[in-house]
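Next come the chains, spelled out residue by residue.
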Amino acid sequence: MHRRTLLSTAAALAMGLGLPAVAQDDPMKIGFIYVGPIGDGGWTFTHNEGRLAVEEHFGDAVETVYQESVPEGADAVRAMTQMALSGADMIFATSFGYMDQVLEVAERFPDVKFEHATGYKRADNVATYSARFYEGRAVQGHIAGKMTESDIVGYIASYPIPEVIRGINSAYIHAKKANPDVEFRIIWAYTWFDPAKEADAATALIEQGADVILQHTDSTAPLAAAESAGGVIGFGQASDMAEYKPSPRVSSILDVWGPYYIDRVQAVMDGTWESKDTWHGIGEGMVGIGEITDAVPAEVREEALALKESLASGEYHAFTGPINRQDGSVWLAEGETADDGTLLGMDFYVEGLTGDIPN
């Protein structure tokens, strides 16, 4: 059941005395575990916006709790265990690195429903969900390729996991289609959220000649570095980062979690929740493209919006052949599209990208 019907101490005593007792429905308690602070302006901020959407939608029927800046590892086990022991009916764990910890805690609390963002391991009471961020990266890549004057695009990567590698490949493929002379410089920051490291990475890329910065990290620091440098553009990551409009922030990838969270909470309430994997993109509304500002030439804006629409409708797939792997071997033949299994486990660069993927 989605709610626990509890008897108060007074009600229990009343039963013992043969008096009528009144059952009290508690609100459904929902926990959220965040890898960064809710004020990061990016990934965690948008997940917390989803939590707030749940509160607004269900009102007094739910109670939400959260813990922010939880490291991936033993701390996550403790945080989720504490939530489960405190009566959480459902827990959303919102970072890839929580995967094994979710399974560990879920095994101990089979009556609690767990949802793990961006993971791939499930159990009877563990579902997984993610967004097709690579679709948004394709749109960014097109704009980047068209707007770079130095032909050098910098990319700040977080961790070498399939989600991040997919994003790099998608951005590069579409930047290259837009500008055959483009090259990518990639710096691995090994963090999701560290403004100082992100700023240093952006500065280093700008010093290498990059006049466009893409990021798969969560703070606004790369945009601040671009603004300081002058003549460099960037993109909002996860949230709109609108304070940097109209430039250097010329567009953004938007992570839209609220509708999914509301749907899954409702499923628990209705008794229809099941363990499954959800992977939605622009078409389903889980990935959005923020306003493309007037800093982008009108022709490029129209091309980017057309690309967005073709991705949303399914008319076009971001990974459509011919595409070779980095070593020149054929990955996708002419007209062939990538299957989800390969994308979910992606551990290789496409042809044209330089450097190695770190272990």
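What counts as what
- Residues numbered from 1 in each chain as written.
- Predicted model: local features only at pLDDT ≥ 70, side-chain atom pairs only at ≥ 80, totals over all residues.
- Heavy atoms only, no water.
- Helix = DSSP H or I, 4+ residues; strand = E, 2+ residues; numbered from the N terminus.
- Rg over C-alpha atoms; globule rule 2.2 N^0.38 Å.
- Buried < 20%, exposed > 50% of the residue type's maximum accessible area, 1.4 Å probe, protein only.
- Lys, Arg positive; Asp, Glu negative; His and termini not counted.
- Charge placed at Lys NZ, Arg CZ, Asp CG, Glu CD.
- Pairing = 2+ DSSP bridges.
- Right-handed = clockwise from strand over helix to strand, strands pointing away.
- Axes fitted to C-alpha atoms, helices over the stretch in contact; angles between N-to-C directions.
- Contact = heavy atoms within 4.5 Å.
- Expected span 1.5 Å × (residues − 1).
- pLDDT = per-residue confidence, 0-100.
- Salt bridge = Lys/Arg side-chain N within 4 Å of Asp/Glu carboxyl O.

S.K.: Report on the overall build of the protein, specifying residues and quantitative values.
M.R.: Looking only at helices and strands, the protein has 11 helices and 16 strands in total. Computed over C-alpha atoms, the radius of gyration of the protein comes to 22 Å, within 12% of the 21 Å expected from 2.2 N^0.38 for 359 residues, which places it in the range of a compact globule. Seen through its C-alpha atoms, the protein measures out along the principal axes to roughly 85 × 45 × 35 Å. When the 359 residues of the protein are sorted by exposure, 54% land in the buried category. Between the mean site of the 24 positive side-chain charges and the mean site of the 54 negative ones, the protein shows a separation of 3 Å.

S.K.: Got a sec to walk through the pairing of strand β3 (residues 28–33)? Specific residues and values, please.
M.R.: Of all six residues in β3, six are buried; the element is thus mostly enclosed. Of the two faces of β3, the one holding Met28, Ile30 and Phe32 and the one holding Lys29, Gly31 and Ile33 are both buried throughout. Pairing of β3 with strand β4 (residues 62–67) involves six bridges; the strand directions are parallel. Along β4, the bridge assignment pairs Ile33 with Gln67. In terms of handedness, the path from β3 via helix α2 (residues 43–58) over to β4 forms a crossover that is right-handed. Bridge analysis of β3 against strand β5 (residues 90–93) gives four bridges, and the strand direction is parallel.

S.K.: A description of the sheet that holds β3 should follow, citing residues and the corresponding values.
M.R.: Strand pairing in a sheet relies on backbone hydrogen bonds. The paired strands run either parallel or antiparallel. Strand order in the open sheet made by the six strands is β4-β3-β5-β6-β7-β13, with parallel pairing throughout. Edge strands, defined here as strands with exactly one partner in the open sheet, are β4 and β13 (277–280). Averaged over all pairs of adjacent strands, the angle between their axes in this sheet comes to 15 degrees, without regard to strand direction. Lying on the sheet, α2 is in contact with β3, β4, β6 (113–117) and β7 (126–131); it crosses β4 at an angle near 165 degrees.

S.K.: So what's going on with α2? Which residues, and what values?
M.R.: Compared with the 22 Å implied by 1.5 Å per residue over 16 residues, the 23 Å span of α2 between its first and last C-alpha is a close match. For α2, every residue scored as buried is listed here: Trp43, Thr44, Thr46, His47, Asn48, Gly50, Arg51, Val54 and Phe58. Downstream of α2 by one or two residues, Gly59 has phi in the positive range, about 60 degrees.

S.K.: Go over the sheet that holds strand β12 (residues 249–255), please, and point to the residues and values.
M.R.: With mixed pairing, six strands are arranged side by side in an open sheet as β9-β8-β10-β11-β12-β14. Of all strands in the sheet, those with a lone pairing partner are β9 (183–188) and β14 (287–289), marking the two edges. Sheet twist, expressed as the average angle between the axes of neighbouring strands with direction ignored, equals 20 degrees. Bridge count between strand β11 (residues 233–238) and β12: five bridges; the pairing is parallel. Residue pairing in the sheet places Gly234 in a bridge with Arg249 of β12.

S.K.: So what's going on with the confidence of the model for the protein? Residues and values would help.
M.R.: Confidence in the prediction for the protein averages 93 pLDDT; 93% of positions are at 70 or higher. Per-residue pLDDT stays below 50 along residues 1–24; that stretch engages in 26 contacts with residues further than four places along the chain or on separate chains.

S.K.: Any details on the side chain of Gln140? Residues and values, ideally.
M.R.: Note that Gln140 resides in helix α5 (residues 133–147). Here Gln140 falls in the buried class, since its relative accessible area comes to 4%. Setting aside its immediate chain neighbours within four residues, Gln140 contacts Leu214, Phe235, Gly236, Ser252 and Ile253.

S.K.: So, the pattern of salt bridges: which residues are in play, and what are the values?
M.R.: Following the criterion strictly, the structure yields 11 salt bridges and no others. Between Lys245 and Glu291 there is a salt bridge, with the nearest N and O atoms lying 2.9 Å from each other. Taken together, the residues span a long stretch of sequence, with Lys245 in the loop between β11 and β12 and Glu291 in the loop between β14 and α10 (298–313) at a distance of 46 residues. On the basis of relative accessibility, which here comes to 31%, the residue Lys245 falls in the partly exposed class. Take Glu291: its relative accessible area is 46%, and that puts it in the partly exposed class. Each of Asp240, Lys245, Arg249 and Glu291 takes part in one network of salt bridges that share partners.

S.K.: Tell me about the environment of Phe96, and name the residues and values.
M.R.: Mapped onto the elements of the fold, Phe96 is located in the loop between β5 and α4 (99–108). Not counting the four nearest positions on each side in its chain, Phe96 is found in contact with Glu72, His116, Ala117, Thr118, Gly119, Tyr120 and Ile161.

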